Amino acid sequence: ASDTMIMADAYGNMALAHYYLGNYNDSLEFHQKALNIKIKCLGPNHASVASTYTNMGSCVLTMGQYEQARDYYQKAVDIDKVCLGESHPSTAEDLSGLALVHQNLGDLNSA
């Protein structure tokens, strides 16, 4: 399983590289590959899974896909609250991303 997680990390790194190059569709594809491995190896409620959802949310937010970004950030928040707690910095970061999505959707009450 450790070799498999190394692949998940490699996919995550490729996703970030593509993101910074502006290749958002490729980035999202590599994030999805990493996510699939992480869920299989770690289960769906792991902080590393939440981190990948955060990265996917950031990617689709940049692409203007706000509804999809909301879904990814919400998944990350839900997992982080269980795994890390309400006051953890990662939870706060994901809540901030979720608020930005709601702002872009014009839903200021939820932001």
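The preceding data block contains the structure.
The following refers to the structure shown. All figures in this text were calculated on a predicted structure; none of them were measured in a lab.

Relative to the elements of secondary structure, valine 49 occurs in helix α3 (residues 47-62). Classification of valine 49 by relative accessible area gives buried; the value is 0%. Taking the C-alpha atoms as reference points, valine 49 and alanine 34, 15 residues apart in sequence, are found 8.8 Å from one another. Non-local contacts of valine 49, meaning those with residues more than four positions away in its chain, are made with Leu35, Lys38, Ile39, Gly43, Pro44 and Ile79.

Next up on the list: the nonpolar core. Within the largest apolar cluster, 17 residues are counted, with the highest numbers of intra-cluster contacts made by Leu28, Tyr53, Met56, Ala69, Tyr72 and Tyr73. Looking at this core, the elements with two or more residues in it are α2 (24-42), α3, α4 (66-83) and α5 (89-104). The element that contributes the greatest number of residues to this core is α3, accounting for 7 residues. For alanine 69, the residues in contact, after removing those within four places along its chain, are Gly57, Val60, Leu61 and Val101.

For α2, spanning 19 residues, the distance from its first C-alpha to its last is 26 Å, which sits close to the expected 27 Å at 1.5 Å a residue. Those residues of α2 not exposed but buried are Ser27, Leu28, Phe30, His31, Ala34, Leu35, Ile37 and Lys38. Of the surrounding secondary structure, the elements contacted by the buried residues of α2 are α1 (2-20), α3 and α4. Residue glycine 43 follows α2 closely and has a positive phi angle near 90°.

It is at 8 Å that the axes of α1 and α2 come closest, and there the two elements cross at 160°. Accordingly, the angle class assigned to the pair α1 and α2 is roughly antiparallel. Here the hand of the crossing between α1 and α2 comes out left-handed. Between α1 and α2, the contacting residues are Thr4, Met5, Met7, Ala8, Tyr11, Gly12, Met14, Ala15, Leu16, His18 and Tyr19 on the first element and Tyr24, Asp26, Ser27, Phe30, His31, Lys33, Ala34, Ile37, Lys38, Cys41 and Leu42 on the second.

All told, the structure shown has 1 salt bridge when counted by the stated rule. Two residues, aspartate 71 and arginine 70, come together in a salt bridge whose shortest N-O distance is 3.9 Å.

This part is about α5. The terminal C-alpha atoms of α5 lie 23 Å apart, and with 16 residues this matches the ideal 22 Å at 1.5 Å per residue to within 8%. Buried within α5 we find Thr91, Asp94, Gly97, Leu98, Val101 and His102. End-on, the buried residues of α5 take up no more than an arc of 140°, which puts them together on one face. Of the exposed residues in α5, those oriented more than 90 degrees away from the buried face are Pro89 and Glu93. Next to the buried residues of α5 lie α3 and α4. Immediately beyond the C-terminal end of α5, within one or two residues, lies glycine 106, with a positive phi of roughly 80°.

Rules behind the numbers
- Residues numbered from 1 in each chain as written.
- Predicted model: local features only at pLDDT ≥ 70, side-chain atom pairs only at ≥ 80, totals over all residues.
- Heavy atoms only, no water.
- Helix = DSSP H or I, 4+ residues; strand = E, 2+ residues; numbered from the N terminus.
- Buried < 20%, exposed > 50% of the residue type's maximum accessible area, 1.4 Å probe, protein only.
- Contact = heavy atoms within 4.5 Å.
- Core = buried A, V, L, I, M, F, W, Y, C linked by side-chain atoms within 4.5 Å.
- Expected span 1.5 Å × (residues − 1).
- Axes fitted to C-alpha atoms, helices over the stretch in contact; angles between N-to-C directions.
- Parallel < 35°, antiparallel > 145°, perpendicular 65-115°, else oblique.
- Left-handed = near helix turned anticlockwise from the far one by under 90°.
- Salt bridge = Lys/Arg side-chain N within 4 Å of Asp/Glu carboxyl O.
- Arc of directions from axis to C-beta.

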